[in-house]
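This is what each chain is made of:
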Amino acid sequence: MRAAIIGFTRSGCGHAGRIREELRGKGWDCRAYGKCACAGECQVEEVSGPLKEWTRQQFDQCQALIFVGATGIAVRSIAPFVKSKLTDPAVLCMDEQARFVISLLSGHVGGANELALQVAAWLGAQPVITTATDLSGKFAVDVFAREQNLAFYQKDLAKEVSAVLLENKTVGWFSEFPVAGELPGGLLPWGEAKTASLGIAVSIRENCRPFARTLQLFPRIAVLGMGCRRGADPADIRSLAEQALAGSGISRRSIQAIASIDLKKQEPGLLSLAREWDVPFFTYSAEELSRAEYEGGLSESEFVKKTTGVGNVCERAALLAGGRVLVQRRMAERGVTAAIACGDFQVRFLQEPG
């Protein structure tokens, strides 16, 4: 996780330096800056160029930005770059006297609310949280999704779920996975909510819509294993990947990684697909792949073994990168192979039910 902090006065730079050290102690890659002449004395990096340019760079690169200064400065600085609650970084604003720490942007999905509470605790400040579900103690589906590593894209439905819960009404709940703990208040299990018009579904399947309006949450537990001939057309690679998803019914949003053999570490088509789907690309040696085992057996090819040193790349790579069950066995077309494996998942409601 990467964070950037900026102060505008001697006092602000001092607080920026302290927060930097606290965040680094928590494992963050964190840098502190000062937009003032005393930055060097305060042991933070001086920002000599336009604040707008600094903000643009940090907005693209960081998961959290903290402004130690006036709220107006922070708002005007980030305004041109705000896009979506699903992608914007957490943004905090703290006054230079460290009295208040405001969660300004991306409070739930980006984690600004949680970060504001931490920073306030370190500095003895008052956290300022304005999101309605936090203030009312209601279940916040976007926070839940972030904590459980669940992907979603239906922003309007997520807002509607929150609005319904804030009115003390109920929404349906469906999960294809085991659930630990009690459902939070306002969520009705599938057995009691089959006729609910609005509900939440946790599934890796694209077509899982048990309610008339279903907010789909996708666990990122699937791995796409792929192999290909050298120089394979990126369009052919993408096409077979999409066929594997369609054949298995798995949503692309559940894909956590793409995996292959290390001979393909620099394969343009595979790297392009990983960038397009915004997932990491893992590779393994033939020796590592040969250790992968599967109860149902693995497809083997003598030609592939002669070429790569192992008789199957895609299935073995998918299993090694985190999959446990092959939900799509080896497919082959135009010199490209693909398979999908899924890992285990459990929904956790371990907090006190609301």
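Above this text you will find the structure in question.
Just so it is clear, the structure is predicted and the values come from calculations on it, not from any experiment.

Caption draft 1: Structural context of the sheet that holds strand β3 (residues 45-46). The sheet built from seven strands is open, its strands ordered β3-β2-β1-β4-β5-β6-β7 with mixed pairing. In the strand order of this sheet, the two ends are held by β3 and β7 (126-128), each with one partner. Note: strand β4 (residues 64-68) against strand β5 (residues 90-94), five bridges, orientation parallel. Of the residues in β5, the one forming a bridge with Leu65 is Val91.

Caption draft 2: Representation of the sheet that holds strand β18 (residues 336-342). Across the sheet, five strands lie side by side as β16-β15-β14-β18-β17; this open sheet has mixed pairing. Every interior strand has two partners, whereas the edge strands, β16 (281-284) and β17 (325-333), have only one. Averaged over all neighbouring strand pairs, the angle between strand axes comes to 20°, with direction disregarded. Sheet topology note: the strand β15 (residues 255-261)/β16 ladder contains four bridges and is parallel. Bridging across to β16, Ser260 finds its partner in Thr283. Seen against the sheet, helix α8 (residues 234-248) touches β14 (222-228), β15, β17 and β18 and runs at an angle of roughly 140° to β17.

Caption draft 3: Just the packing of α8 against helix α9 (residues 268-277), in detail. Across the interface, α8 lies against α9 with an axial gap of 8 Å and an inter-helix angle of 55°. Between α8 and α9, the angle falls in the class oblique. Pair α8 / α9 crosses with right-handed handedness. Contacts between α8 and α9 pair Pro234, Ile237, Arg238, Ala241, Glu242 and Leu245 from the former with Gly269, Leu270, Leu273, Glu276 and Trp277 from the latter. For the contact of α8 with α9, the per-class residue count stands at seven nonpolar, one polar and three charged.

Caption draft 4: Spatial organisation of the pairing of strand β2 (residues 29-34). In this sheet, β2 lies alongside strand β1 (residues 2-7) in parallel orientation, the contact comprising six bridges. Counterpart to Ala3 in the pairing with β2 is Cys30. Viewed along the sheet, the connection from β1 through helix α1 (residues 10-25) into β2 turns out right-handed. In terms of strand pairing, β2 meets β3 through two bridges, oriented parallel. Bridging across to β3, Tyr33 finds its partner in Glu45.

Rules used throughout
- The written sequence of each chain sets the order in which its residues are numbered from 1.
- Only residues with pLDDT of 70 or above have their local features reported here, since the model is predicted, and side-chain atom pairs are shown and tallied only from 80 upward, although totals for entire chains, interfaces and linings are computed over all residues.
- Side-chain numbers come from the whole structure's heavy atoms, not from hydrogens or water.
- Each pair of strands is called paired provided DSSP finds at least two bridges between the two strands.
- A run of DSSP states H or I qualifies as a helix once it reaches four residues; a run of E qualifies as a strand once it reaches two. Both are numbered from the N-terminal end.
- Geometry is summarised by axes, namely lines fitted to C-alpha atoms with helices restricted to the contacting stretch, and by angles between N-to-C directions that run from 0 to 180 degrees.
- Here, residues are in contact when the closest pair of their heavy atoms is within 4.5 Å.
- Our angle categories are set so that under 35 degrees counts as roughly parallel, over 145 as roughly antiparallel, 65 to 115 as roughly perpendicular, and the remainder as oblique.
- Two helices crossing with the near one rotated counterclockwise from the far one by less than a right angle form a left-handed crossing, whereas a clockwise rotation gives a right-handed crossing.
- Gly falls in the polar group here, along with every residue not listed as nonpolar (Ala, Val, Leu, Ile, Met, Phe, Trp, Tyr, Cys, Pro) or charged (Asp, Glu, Lys, Arg).
- The handedness of a crossover follows from its direction of travel: if, with the strands pointing away from the viewer, the path from the first strand over the helix to the second runs clockwise, the crossover is right-handed.

Any link to function would need more than the numbers given here.
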